[in-house]
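Observations on chain architecture
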Amino acid sequence: MTLAATPVFDCRADFADELTALARADDRIVVVCNDSVGSGNLVRFRAEFPGRLVDVGIAEQDMVGVAAGLANAGLLPFVSAAAPFLTGRALEQIKADVAYSGRHVVLCGQSPGMAYGALGPTHHSVEDLSWLRAIPGLEIIVPADPAQTRAAVRRAAASGRPTYLRVPRSQVPAVTPDGAPFAPGRAALLADGRDVTLIAVGTLVPRALEAAALLAADGLTARVLNMAFVEPLDEAAVLAAARETGAVVTAEEGVVTGGLGSAVARVVAEHHPVPMRLLGVDAYAPTGDAAFLLDHFGLNAAGLAEAAREVVGRR
């Protein structure tokens, strides 16, 4: 895959379209947001269902608490807010009011990772996977493209459990093949190989496919796994990768401490240790747009390919 030659999409539109379609069939569905109707692409939802969108203003803790109350009353709330503020400001409410209480609330983190670009680290949501993986009982989904975003909305609505869904802002290509699995604890195999495995989520999935093409030019075949469900993780796919390829690289638009890389490393370390590299954000970001920042942290095809060559050299 070459990103420059591939059509790209804004998954927020797919998120909003799928949510609106579900709401037509299920009058329990409501949206709770924080002065973010426009940025969440929810203008049409509000126009069609004016009585089913609650805008609490810039009050994220109240937003999650209100959603938990609505769930307790039998409704199905989707909480839509910028990921850094939803997870950072309302972490206590996510833990106590939603996860601990077992409420079926869908937390939709809009514009995650470094999608806000030059607005800087205050607006980057690179810690969200780490924070939320530490909370028991919370399903965590990081879709990579429009098809997975729509599937994630449907899954979250039907699951009956607390869910965190990252909704991509950065434009991404379609990478999900027809018939690919989308279920808790199931990774999607996008390419097979015997020399190294690249496990990626979200915006890093197409870059992992590009990296596999670079490695092929060196005579190395790379397995590429799209691990859309960070929690629960597909441990069987991780262990098969460790056994069959002998080297693993993880890639995520977030800090590796506690995130996807840590989840994969725990499984590998406990059951089948092999050389690994965990790629992600390891410092506060400089000023620049999202594409520049991914390059800055080596979260591009060249960076993933270089990490793969390094772990293959340590086998």
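Heads up: these notes are all about the structure in this document.

What about helix α12 (residues 301-313)?
Because an α-helix completes one turn every 3.6 residues, residues spaced three or four positions apart along the sequence face the same direction. Between its first and last C-alpha, α12 extends 18 Å over 13 residues, near the 18 Å set by a 1.5 Å rise per residue. Listed as buried for α12 are Ala-301, Leu-304, Ala-305, Ala-307, Ala-308, Val-311 and Val-312. Within α12, the buried residues cover an arc of 160 degrees as seen down the axis, which keeps them to one side. The outward face of α12, more than 90 degrees from its buried face, is lined by the exposed residues Ala-302 and Gly-313. Summarising the contacts, the buried residues of α12 are in contact with β10 (196-200), α8 (204-217), β13 (248-255) and β14 (276-281).

Some remarks on the nonpolar core
Counting 44 residues, the largest nonpolar core has Leu-107, Tyr-164 and Val-264 as its most contacted members. Elements with a contribution of two residues or more to this core: β2 (29-33), α3 (60-72), β4 (76-82), α4 (83-89), α5 (91-99), α6 (128-133), α9 (235-245) and α10 (260-271). Sorting elements by how many residues they give to this core places α3 first, with six residues. If sequence neighbours within four positions are ignored, Val-264 has contacts with Ile-199, Leu-233, Val-238, Val-248, Thr-250 and Met-276. Core analysis: the next-biggest nonpolar cluster, separate from the first, contains 35 residues, Val-126, Val-224, Ala-285 and Ala-307 among them.

Comments concerning the state of the cysteines
Tallied over the full model, the rule gives zero disulfides. Lacking any disulfide linkage, Cys-11 is separated from the closest cysteine sulfur, that of Cys-108, by 13 Å. Residue class for Cys-11 comes out buried when judged on its relative accessible area of 0%. Here Cys-33 stays unpaired: no disulfide links it, and the sulfur of Cys-108, its closest cysteine neighbor, is 11 Å away. Since its relative accessible area comes to 0%, Cys-33 is described here as buried.

Things to note about α3
Between its first and last C-alpha atoms α3 spans 18 Å; for 13 residues at 1.5 Å apiece the expected length is 18 Å, and the two agree. By the burial criterion, the buried members of α3 are Glu-60, Met-63, Val-64, Ala-67, Ala-68, Leu-70 and Ala-71. Seen along its axis, α3 keeps its buried residues to an arc of 160 degrees; they face one direction. For α3, the exposed residues lying more than 90 degrees away from the buried face are Asp-62 and Asn-72. Residues of α3 that are buried sit in contact with β2, β4, α4, α5 and β5 (106-110). The first or second residue beyond α3 is Gly-74, which carries a positive phi of 100 degrees.

Rules used in this analysis
- One numbering rule holds for all chains: residues counted from 1, following each sequence as written.
- In view of the model being predicted, local features appear only for residues whose pLDDT reaches at least 70, and side-chain atom pairs are presented and counted only at 80 or more, with totals across whole chains, interfaces and linings using the full set of residues.
- Only hydrogens and water are removed before side-chain values are computed, so all heavy atoms of the structure are retained for them.
- Strands here mean DSSP runs of E at least two residues long; helices mean DSSP runs of H or I at least four residues long; both are numbered from the N terminus.
- Helices are assigned an expected span. That span is 1.5 Å times one less than the residue count.
- The classification of residues rests on relative accessible area computed with a 1.4 Å probe and restricted to protein chains. Under 20% of the type maximum is buried, over 50% is exposed, and intermediate values are partly exposed.
- The directions from the helix axis to the C-beta atoms form the arc being described.
- Contacts are assigned to residue pairs with any non-hydrogen atoms lying within 4.5 Å of each other.
- Here the nonpolar core consists of buried residues drawn from Ala, Val, Leu, Ile, Met, Phe, Trp, Tyr and Cys, with membership extended through side-chain atoms lying within 4.5 Å.
- Note on disulfides: each one is a pair of cysteine sulfur atoms within 2.5 Å.

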